[in-house]
Amino acid sequence: GHHRSLEDKVFNNHLRQVTLGGLAGLTLLPISSNAVLPSNVANLEGDQVNSELDMGPVVSSELKPLIPNQVQPLEKEQDINISYVLSKDYGLKVSSKLDGISLDRSYGLIGGEQHLYRYPGDSLFLHATQARDWAMFGGAGIAPHVGAWGYFAPSKHDFTALDEQRERYYIAAPTFLVPGYAEDTAKYRDFFKYRKMLVVNPDNGKAVIADIADSGPSPWTGKNLGGSPEVMDALGLGSGPRKGDVLYFFVDDSNQTVPLGPIKPIQGEAK
């Protein structure tokens, strides 16, 4: 059904790219579903095809020349170039400024955060929907306080699937460093609450659509952003020191159509 046709489309794009890249032995032919593929790719099925088509490194190689050598706020030209590449590669409209508001930077160090209480009476154990979740994300623990906007839902009864996703893929951003924040807290709180951002690890091209659900970290920590256990995992930063350099840009999602969670690049897709 739909899944297969999308896979075929991605696969065709991949072959087309490889071919345009001038790989010997492949000629540019229209590929139909019963075409004879080169022997080294003929027997790939299902997930193998997807892993074979990890476009992350392609995105990474596009970003590398555009970002500064050390982690620092982007210059205007870098900002424009990077937002263009990210918009193109992930099929989204992203920018460092939305409605005239921007964070203190769009390139910084992210560190792992704990889970957040989602409604009164929530517990760490309830965050795991399956055993694998518990094994992967339980160890992060739960923060002793609620997020910047309070509970995600007023009660367990009112807790929705969207609330669950919002906690699962949250980031903490230093909203308090935005110029004018103290003078017009209500305006900024409304803007930042659950605001979606595309967060990208430029080292591997792994990316996630996350929402701002807490404010922090403090500048003295040396970190510029915090990510939920699931966000860190999606970025390939879930183990070891649980920190790394990331690009983070606002997603223009005025129609509320962009789902939270890991996102793959659509490199080579016709726009």
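Structure: see above.
First, a word on scope: everything that follows refers to the structure included in this document. Since the model is a prediction, treat every value here as computed from it, not as a measurement.

1. Considering the overall build of the chain
So, step 1. Of regular secondary structure, the chain possesses nine helices and 10 strands.
So, step 2. Counting only residues that meet the buried cut, the chain has 44% of its 271 residues in that class.
So, step 3. A sequence separation of at least 24 residues applies to 78% of the contacts in the chain between residues at least 6 apart.
So, step 4. When the accessible surface of the chain is totalled, it reaches about 14200 Å², and 53% of it is carbon and sulfur.

2. Quick look at the side chain of Ser87
So, step 1. Relative to the helices and strands, Ser87 is located in helix α5 (residues 76-90).
So, step 2. For Ser87, a relative accessible area of 17% corresponds to the buried category.

3. Points about the pairing of strand β6 (residues 196-200)
Two faces, one strand: in a regular strand the side chains alternate between the faces of the sheet.
So, step 1. A large share of β6 lies buried, amounting to five of its five residues.
So, step 2. Across the two faces of β6 the burial is the same, with Lys196, Leu198 and Val200 and Met197 and Val199 all buried.
So, step 3. Summarising the sheet, β6 and strand β7 (residues 207-215) pair through five bridges and their orientation is antiparallel. Across the sheet, residue Lys196 finds its bridge partner in β7, namely Asp211.
So, step 4. Counting the residues that bridge the hairpin from β6 to β7 gives six residues, and of these Gly205 lies at a positive phi of roughly 75 degrees.
So, step 5. In this sheet, strand β9 (residues 243-251) lies alongside β6 in antiparallel orientation, the contact comprising four bridges. The residue of β9 that forms the bridge with Leu198 is Phe249.

4. Description of helix α8 (residues 185-192)
So, step 1. The set of residues buried in α8 consists of Tyr188, Phe191 and Phe192. Projection of α8 onto a plane perpendicular to its axis shows the buried side chains occupying an angular sector of 85 degrees, all on one side. When the buried face of α8 is taken as reference, the exposed residues oriented beyond 90 degrees from it are Ala186 and Asp190.
So, step 2. Along its buried surface, α8 packs onto β2 (97-98), β3 (101-102), β7 and β9.
So, step 3. Taken from the residues just after α8, Tyr194 is the one with a positive phi, measuring 60 degrees.

5. A closer look at the pairing of strand β4 (residues 107-112)
So, step 1. Most of β4 sits inside the fold, with five of its six residues counted as buried.
So, step 2. In the sheet, β4 pairs with β9 via five bridges, with the strands oriented antiparallel. Considered in β9, the bridge of Gly111 is made with Lys243.

6. Things to note about the packing of aromatic side chains
So, step 1. Evaluated as defined, the whole model comprises eight aromatic pairs.
So, step 2. Ring geometry for Tyr181 against Tyr188: centres 5.9 Å apart, planes inclined by 40 degrees, an arrangement best described as tilted.
So, step 3. Taking 6.5 Å as the distance between ring centres and 20 degrees as the angle between the ring planes, the aromatic pair formed by Tyr188 and Phe192 counts as stacked. Here Tyr188 and its partner Phe192 are both found in helix α8, four residues apart, which amounts to about one turn of the helix.
So, step 4. You can call Tyr188 buried: its relative accessible area is 10%.

7. Thoughts on the environment of Gly236
So, step 1. Note that Gly236 resides in the loop between α9 (229-234) and β9.
So, step 2. Its relative accessible area of 44% is what places Gly236 among the partly exposed residues.
So, step 3. Dropping the residues within four chain positions of it, Gly236 is found in contact with Asn204 and Lys206.

So, how was this worked out
- Residues numbered from 1 in each chain as written.
- Predicted model: local features only at pLDDT ≥ 70, side-chain atom pairs only at ≥ 80, totals over all residues.
- Heavy atoms only, no water.
- Helix = DSSP H or I, 4+ residues; strand = E, 2+ residues; numbered from the N terminus.
- Buried < 20%, exposed > 50% of the residue type's maximum accessible area, 1.4 Å probe, protein only.
- Contact = heavy atoms within 4.5 Å.
- Areas by Shrake-Rupley, 256 points an atom, 1.4 Å probe, with all protein chains shown as cover.
- Pairing = 2+ DSSP bridges.
- Arc of directions from axis to C-beta.
- Phe/Tyr/Trp six-rings, centres within 6.5 Å; stacked < 30°, edge-to-face > 60°.

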